[in-house]
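# Overview (structure and organization)
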Amino acid sequence: MPTLTSKANPRFRDLLARLRPGGARREASLLLGEKLIKAWAEARQTTAGKRLRPALWLRLEQTDPHPLAAVLGTETLVLGEALMRELADAGSPPDHALLMELGPEPAGPLADRVLGAWGIQDPGNLGALLRSAAAFGFQEVLLGPGCTDPFHPKALRGSMGAAFLLPLRRVARLEPDPGRWYALDGGPGAVPLAEADLSEPLRLWVGNEGHGWQGVALPEGVQRLAIPIQGVESLNAAVAAGIACYEVARRSMR
């Protein structure tokens, strides 16, 4: 099998073009490395996992074929180290990568236990937020305006496969349904986490890393929810989400 080594190669330029769009315009993403590929393979029969369809296997030159490539039956391209390194945008190129096509976002009624991210801009933070949601039994994640791309390679690495376990959908505004809606915020009038009714249906939202919910008009029906802290001004958004998600799971196991 020939090895692609030139950045001017039409196949490589087409690959870059497919990966360039982000956010709501993204139609393809790249699973970099065996751990992430394995995480998708283990979750591929779930509703969220089926949203990603394998389109092209990428193998680093002088690397043995991966057994899963034959199972999936996708075409394989062998890339030189410089090309694989450019795709990975990292110091060390992975031995394997898998180009995935993205299907449509889910539709219909929300699940019983939903986590929302509003304006989370750091891919690592969003990935960590998805991990907490999956670990503590949340069934869906909503992405509000200004949210980073959950299928950006850095967000996928941060989620460690959680993006394949949870349905993800973008929303333009907060439109409370009959469930309980909370926005994590320590401002005036916020309900302390220990006192809040966290029973389902529950929609728990996390605001922007820098300014939280500043400038966002929370509609009627959305309560502010506070995590008591001392000695610091605020918590990292992903940390706050993890604490709140754990509390929801802890109460549900009583």
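Our subject is the structure listed above.
The notes below deal with the structure included here.

### Some remarks on the overall build of the protein
What the protein contains, in helices and strands, is seven helices and twelve strands. Here the protein holds 254 residues, and the buried ones make up 50% of them. If you take every contact in the protein between residues at least 6 apart in sequence, the share linking residues at least 24 apart comes to 76%. Of the roughly 12600 Å² of accessible surface on the protein, 50% is carried by carbon and sulfur atoms. Of note, the protein has its 28 positive side-chain charges centred 2 Å away from the centre of its 27 negative side-chain charges.

### Regarding the sheet that holds strand 4 (residues 76-79)
The sheet built from five strands is open, its strands ordered 1-4-3-5-2 with mixed pairing. For this open sheet the edge positions go to strand 1 (3-4) and strand 2 (28-32), each flanked by a neighbour on one side alone. Both strand 3 (residues 52-60) and strand 4 contribute to a ladder of four bridges, which runs parallel. Across the sheet, residue Arg 59 finds its bridge partner in strand 4, namely Val 78. Helix 2 (residues 34-43) contacts strand 2, strand 3 and strand 5 (96-102) of the sheet and is inclined by roughly 45 degrees relative to strand 5.

### Considerations on the state of the cysteines
This structure, assessed with the given rule, holds zero disulfides. The structure places no disulfide on Cys 147, whose sulfur is separated from the nearest cysteine sulfur, that of Cys 245, by 14 Å. Residue Cys 147 is classed as buried on the basis of its relative accessible area of 11%. Residue Cys 245 is classed as buried on the basis of its relative accessible area, which comes to 0%.

### Some words on a nonpolar patch on the surface
Taken together, Ile 229, Val 232, Leu 235, Val 239 and Ile 243 make up a surface patch of nonpolar side chains, about 360 Å² in accessible area. Tracing the chain through its elements places Leu 235 in the loop between strand 12 (222-226) and helix 7 (237-252). By relative accessible area, which is 31% here, Leu 235 ends up partly exposed.

### What about the packing of helix 5 (residues 123-135) against helix 7?
In the contact formed by helix 5 and helix 7, the axes pass within 9 Å of each other and the chain directions differ by 5 degrees. Viewed along their axes, helix 5 and helix 7 adopt a mutual orientation that is roughly parallel. Across the interface between the two elements, Asn 125, Ala 128, Leu 129, Ser 132 and Ala 133 of helix 5 pack against Ala 238, Ala 241, Gly 242 and Cys 245 of helix 7. Classifying every residue of the contact of helix 5 with helix 7 by side-chain character gives six nonpolar, three polar and no charged.

### Brief notes about the pattern of salt bridges
Across all of its chains, the model carries 13 salt bridges by this definition. We note a salt bridge from Arg 11 to Glu 75, for which the minimum N-O separation is 3.1 Å. Within this pair, whereas Arg 11 is found in helix 1 (residues 10-19), its partner Glu 75 is found in the loop between helix 3 (67-72) and strand 4, the two being separated by 64 residues in sequence. What makes Arg 11 partly exposed here is its relative accessible area of 36%. In this structure Glu 75 comes out as partly exposed when scored by relative accessible area, which is 42%. Notably, a salt bridge pairs Asp 185 with Arg 224, separated by 3.0 Å at the nearest N-O pair. On the criterion of sequence distance, the pair formed by Asp 185 in the loop between strand 9 (180-184) and strand 10 (191-192) and Arg 224 in strand 12 is long-range, its members being 39 residues apart.

### A short note on unusual backbone geometry
Leave glycine aside and you will find that most residues have negative phi; peptide bonds, for their part, are mostly trans. Here the residue pair Glu 200 and Pro 201 is connected by a cis peptide bond, since its omega of 0 degrees sits within 30 degrees of zero. Summarising the element assignment, Pro 201 is placed in the loop between strand 10 and strand 11 (202-206). Positive phi, close to 65 degrees, is recorded for Gln 62, a residue that is not glycine. Of the residues examined, Gln 62 reaches a relative accessible area of 83% and is grouped as exposed.

What counts and how
- Residues numbered from 1 in each chain as written.
- Predicted model: local features only at pLDDT ≥ 70, side-chain atom pairs only at ≥ 80, totals over all residues.
- Heavy atoms only, no water.
- Helix = DSSP H or I, 4+ residues; strand = E, 2+ residues; numbered from the N terminus.
- Buried < 20%, exposed > 50% of the residue type's maximum accessible area, 1.4 Å probe, protein only.
- Contact = heavy atoms within 4.5 Å.
- Areas by Shrake-Rupley, 256 points an atom, 1.4 Å probe, with all protein chains shown as cover.
- Lys, Arg positive; Asp, Glu negative; His and termini not counted.
- Charge placed at Lys NZ, Arg CZ, Asp CG, Glu CD.
- Pairing = 2+ DSSP bridges.
- Axes fitted to C-alpha atoms, helices over the stretch in contact; angles between N-to-C directions.
- Disulfide = S-S within 2.5 Å.
- Patch = residues over 30% accessible without salt bridge, like charges linked within 9 Å, V, L, I, M, F, W, Y side chains within 5 Å.
- Salt bridge = Lys/Arg side-chain N within 4 Å of Asp/Glu carboxyl O.
- Parallel < 35°, antiparallel > 145°, perpendicular 65-115°, else oblique.
- Nonpolar A, V, L, I, M, F, W, Y, C, P; charged D, E, K, R; others polar.

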